[in-house]
Amino acid sequence: MRLEEVDSSAWLTLEGAPTDPQSGFRFINLCSVDWNGRPQARVVVLRRVDRLARLLEIHTDTRSQKWVELSNNPIATILGFCASARVQLRLSGIVRLHPPGNDLANYAWHKLASWTRSTYAGGPPGGEPNRDEMNSFTSGADADGKAFFGVLLFQADSLDWFELGKPSNRRAMLDYDSAGVLTASRWVNP
Ligand SMILES: Cc1cc2nc3c(=O)[nH]c(=O)nc-3n(C[C@H](O)[C@H](O)[C@H](O)COP(=O)(O)O)c2cc1C
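A few points on the structure. Please read all numbers here as calculations on a predicted model, not as lab measurements. (Residues numbered from 1 in each chain as written. Predicted model: local features only at pLDDT ≥ 70, side-chain atom pairs only at ≥ 80, totals over all residues. Heavy atoms only, no water.)

On to the site of the ligand, then. Neighbouring the ligand are the residues Phe27, Arg42, Val43, Val44, Val45, His59, Thr60, Ser64, Gln65 and Lys66. Here glutamine 65 contributes a backbone N or O atom positioned 3.3 Å from an oxygen atom of the ligand. Contact between the ligand and lysine 66: an oxygen atom at 2.6 Å from a side-chain N or O atom of the residue. Taken by itself the ligand offers 620 Å² of open surface, and the protein chains cover 57% of this. For the shell around the ligand, the elements supplying multiple residues, two or more each, are β2 (39–45), β4 (55–61) and α2 (65–72). Broken down by element, the shell around the ligand gets its largest block of residues, four residues, from β2. (Near = heavy atom within 4 Å. Polar contact = N/O pair within 3.5 Å; in protein donor to acceptor, adjacent residues only side chain to side chain. Areas by Shrake-Rupley, 256 points an atom, 1.4 Å probe, with all protein chains shown as cover. Helix = DSSP H or I, 4+ residues; strand = E, 2+ residues; numbered from the N terminus.)

Turning next to the side chain of glutamate 57. By the secondary structure assignment, glutamate 57 is in strand β4. Here arginine 48 takes part through its side chain, which lies 2.7 Å from a polar atom of the side chain of glutamate 57.

What follows concerns helix α3 (residues 103–111). Among all positions in α3, only Leu104, Ala105, Ala108 and Trp109 are buried. What you see down the axis of α3 is that its buried residues fit within an arc of 130 degrees, all on one side. Residues Asp103, Tyr107, His110 and Lys111 are exposed on α3 and point more than 90 degrees away from its buried face. Among the residues of α3, the N-terminal cap falls to asparagine 102, whose side-chain oxygen and the backbone nitrogen of leucine 104 are separated by 2.8 Å. (Buried < 20%, exposed > 50% of the residue type's maximum accessible area, 1.4 Å probe, protein only. Arc of directions from axis to C-beta.)

Our next topic: the state of the cysteines. Tallying each qualifying case throughout the model produces zero disulfides. Among the cysteines around cysteine 31, which has no disulfide bond, cysteine 82 carries the closest sulfur, lying 18 Å off. Judged by relative accessible area, cysteine 82 falls into the buried class, the value being 3%. (Disulfide = S-S within 2.5 Å.)

Residue proline 167 is bonded to the preceding lysine 166 through a cis peptide linkage, with omega at 15 degrees. Note that proline 167 resides in the loop between β7 (149–163) and β8 (170–176). Despite not being glycine, arginine 54 has its phi angle at roughly 65 degrees, a positive value. Here arginine 54 lies in the loop between β3 (48–50) and β4. Within the chain, arginine 86 stands out as a residue other than glycine whose phi angle is a positive 60 degrees. In this structure, arginine 86 sits in the loop between β5 (75–82) and β6 (87–98). Note on arginine 86: relative accessible area 38%, which makes it partly exposed.

With 14 residues, helix α1 (residues 3–16) should cover 20 Å at 1.5 Å per step; its first-to-last C-alpha distance of 20 Å lies within 8% of that length. Among all positions in α1, only Leu3, Val6, Asp7, Ala10, Trp11 and Leu14 are buried. For α1, the angular spread of the buried residues around the axis is 115 degrees, confining them to a single face. If you follow the buried residues of α1, they end up packed against β3, β4, β6, β7, β8 and β9 (182–188). (Expected span 1.5 Å × (residues − 1). Contact = heavy atoms within 4.5 Å.)

Turning our eyes to something else, we now look at the pattern of salt bridges. Per the counting criterion, the structure on display carries ten salt bridges. Residue glutamate 69 is joined to arginine 42 by a salt bridge in which the shortest nitrogen-to-oxygen separation is 3.0 Å. On the criterion of sequence distance, the pair formed by glutamate 69 in helix α2 and arginine 42 in strand β2 is long-range, its members being 27 residues apart. For glutamate 69, a relative accessible area of 4% translates into the label buried. Across the salt bridge formed by aspartate 61 and arginine 63, the nearest N and O atoms sit 2.8 Å from each other. Judged by its relative accessible area of 7%, aspartate 61 falls in the buried class. The structure contains a network of salt bridges with shared partners spanning Arg2, Glu4 and Glu5. (Salt bridge = Lys/Arg side-chain N within 4 Å of Asp/Glu carboxyl O.)

This is the structure we're talking about:
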């Protein structure tokens, strides 16, 4: 396989992941850096990928720690592993925040299922739950969550690609410019 093929196959796989229930990249780890310089990781749903622009879209509650951390420091890493593809992807990049009321947030909200909308209507993530919320599956009207719904757009500037293989593993490093153009690529030892 040529390095250009590594690049295109990785991004095609990522682009298909949000609509492929079998893909290991449907759920990815989003890693940010907190106020103390500590790495913080959490699983999120990969909502949309623009493979040409090297963009990944993630939805979250703007009251969450990740939103606060990324507001302070937009540098992030995304890590995923797909068992069927036998590939690990480690993407480095920058996150742009699209707060409630922003065009992209409005558009994404409009397309969400009612149940998903309702998950944004409860108390702040990490806060103490109130009794009513603990005893009820519906924590508020759908529309209530819109005020807290934000979109994170992750722009990749590099990809560390690792394939588990027999007889040997393979690993490649790929760099992108701010327009998503592949600017450098090389094989490295796994
Ligand atoms: C399978 C799975 C999918 C998740 N998807 C999301 C998501 O898309 N967005 C999100 O904000 N949190 C998602 N979560 C919850 C986060 O992992 C995390 O617990 C929560 O957002 C609080 O993280 P924070 O305090 O670092 O902001 C998901 C958790 C699991 C287990």
